[in-house]
Amino acid sequence: MNKSVGILTAGGDSPGLNAAIRGVGKAVLGYYDMNIVGFRDGFRGLMENRTMPLDRSNLSGILTIGGTILGTSRDKPHKMPVGGKMLNMLDAIADNYHANHLDCLVCLGGGGTLKNALRLKQMGLNVITLPKTIDNDVAGTDSTFGFDTALGIATEAIDRLHSTAHSHHRIIVVEIMGHSAGWLTLGAGIAGGADVVLIPEIPYDVESVADAIRARARGGSPFSIVAMAEGAMSKQDLATIAAAKANGKKSANRGQDKPKTDDEAAELLYADRTLRLAKRLEVLTGLEARVTILGHVQRGGAPSAGDRLLATRLGTACADLIAKGTYGVMVATKGGGTTPVKIEDVAGKVKTVPHNHSWIGSARRVGTNFGD
Ligand code: F6P
């Protein structure tokens, strides 16, 4: 009997998802003569058994298209909002897996999807994940698809911001996606020649950033580009969070509206910190400052050639593994090739930028300031 494969896309979308669906689908159908069915909107669609038949005709023409033809959601199988309640829907998901006579479920996603796939694996389902995210922060793989496209978009934005910052003698703080890992900001900062790069892995000192900008102005460049990751935190903000957390613990029993966890405290400082940094830099440097938040532009639109290639390599490698009966793995890239890694070895881990990473070394050698 030919094998039957299910496929879904989960978490935030990422350029290259359609290329990966096509890679898996075409290899499964055309090369291995197996069956494939799509589930809509991530794990929610699998729970609700909302399927999308995949065939040669709807797998054609999607290689170059952004987003995902299957739709996506951030719903988690074990904690899904259903009828106004958060319910564990793992059993419903397993039932639909079996009702569709699946031999394997392919989940295209990032860190959250890996954790969800592990839950399904622990229930005895055959799962394979492919690493996607513009953040490039999935552990156990050299690369994730989506990153290369977003890198190009963020780099082009920095290029464009340079000319206007230069003309107006301004500081422009450009906020780039990445809550936990600074790969995108660091990569685009280097490729776009940002003067300051602020990433979550290196807490920054506002004074040090201001010093670097003032030094540039003294040297005849009264404009600067500050590339700041969403998750970058100043040393000052981190100290405030630590104090708020301690304060929250003390006040928890008194029912006061104080933050009780790192996350809640960080939330209070997250919202406007790009703006706060720009305002502070104006005061410290005497230069005018502006803020640009790139946001979801970084995730939209056609995938780059690099991401189309990567997604196709991962998708077809996934079909090879299904044909061999190798399940419970993420298809990772290693060197020039692909390799399966056990889901439990990578789920729950985040690949952050090591302080001694060569990209940081290169950036420092061309004079980039990290605010440390
Ligand atoms: O996909 C990862 C990511 O792009 C993060 O960098 C970003 O913080 C997050 O998604 C935002 O996603 P959403 O607005 O879809 O929740």
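Keep in mind that this is a model prediction, so the values were computed, not measured.

One finds I7, V106, L130 and I322 to be the most contacted residues of the largest nonpolar core, which totals 33 residues. Of all elements in the fold, only β1 (4–9), α1 (17–31), β6 (104–109), β7 (127–133), α12 (305–324) and β13 (329–334) reach the threshold of two or more residues within this core. Those residues in contact with I322 that sit more than four places away from it in its chain are K3, V5, V28, M34, C104, V106, I128 and Y327.

Checked against the element boundaries, T285 lands in helix α11 (residues 273–285). Among the residues examined, T285 registers a relative accessible area of 17% and is labelled buried. Between the C-alpha atom of T285 and that of A210, which follows or precedes it by 75 residues, the distance is 6.1 Å. T285 has contacts with I171, A210, I213 and R214, leaving out every residue within four places of it along the chain. Among the polar contacts listed, one links the side chain of T285 to the backbone nitrogen of L287, at a separation of 3.1 Å.

Residue-level pLDDT values for the chain average 94, and 94% of them are 70 or greater. Of the regions scoring below 50 in pLDDT, residues 251–256 engages in three contacts with residues more than four places distant in sequence or in other chains.

Here the focus is the site of the ligand. With respect to spatial proximity, the complete set of residues near the ligand consists of R74, I134, D135, M177, G178, H179, E230, H296 and R299. Here R74 contributes a side-chain N or O atom positioned 2.9 Å from an oxygen atom of the ligand. The protein chains hide 73% of the 400 Å² of surface that the ligand would expose on its own. Across the shell around the ligand, the residue classes tally to two nonpolar, three polar and four charged.

Another point: helix α6 (residues 147–168). Counted at 1.5 Å a residue, the expected span for α6 with its 22 residues is 32 Å, and the 31 Å between its end C-alpha atoms agrees. Along α6, the residues classified as buried are F147, T149, A150, L151, A154, T155, A157, I158, L161, H162 and A165. Immediately downstream of α6, the backbone of H169 shows phi near 55°, a positive value.

Another point: the packing of aromatic side chains. Here a ring pair, both rings aromatic, is described through the centre-centre distance and the interplanar angle of the planes. Within this structure, the stated rule accounts for three aromatic pairs. Ring centres of F147 and W359 lie 6.5 Å apart, and the angle between their planes is 20°; this geometry places the pair in the stacked category. Pair noted here: F147 is in helix α6 and W359 is in helix α14 (residues 358–365), with a separation of 212 residues, a long-range link. The exposure class assigned to W359 is partly exposed, which follows from its relative accessible area of 30%. Each member of the aromatic cluster is reached from another via a ring pair, and the members are F147, W183 and W359.

Glancing now at α12. Counted at 1.5 Å a residue, the expected span for α12 with its 20 residues is 28 Å, and the 29 Å between its end C-alpha atoms agrees. Regarding α12, the residues found buried are D307, L310, A311, L314, G315, A317, C318, A319, L321 and I322. G325, located one to two residues past α12, shows a positive phi value of around 85°.

This part takes up the state of the cysteines. Throughout the structure, instances matching the rule amount to zero disulfides. Between C107, a free cysteine, and C104, which holds the nearest cysteine sulfur, the sulfur-to-sulfur gap is 8.2 Å. C107 gets classed as buried once you look at its relative accessible area, which sits at 0%. C318 takes part in no disulfide bond, and the closest cysteine sulfur to it belongs to C104, at a distance of 6.1 Å. Assessed through its relative accessible area of 0%, C318 is described here as buried.

Definitions and limits used
Residues numbered from 1 in each chain as written. Predicted model: local features only at pLDDT ≥ 70, side-chain atom pairs only at ≥ 80, totals over all residues. Heavy atoms only, no water. Core = buried A, V, L, I, M, F, W, Y, C linked by side-chain atoms within 4.5 Å. Buried < 20%, exposed > 50% of the residue type's maximum accessible area, 1.4 Å probe, protein only. Helix = DSSP H or I, 4+ residues; strand = E, 2+ residues; numbered from the N terminus. Contact = heavy atoms within 4.5 Å. Polar contact = N/O pair within 3.5 Å; in protein donor to acceptor, adjacent residues only side chain to side chain. pLDDT = per-residue confidence, 0-100. Near = heavy atom within 4 Å. Areas by Shrake-Rupley, 256 points an atom, 1.4 Å probe, with all protein chains shown as cover. Nonpolar A, V, L, I, M, F, W, Y, C, P; charged D, E, K, R; others polar. Expected span 1.5 Å × (residues − 1). Phe/Tyr/Trp six-rings, centres within 6.5 Å; stacked < 30°, edge-to-face > 60°. Disulfide = S-S within 2.5 Å.

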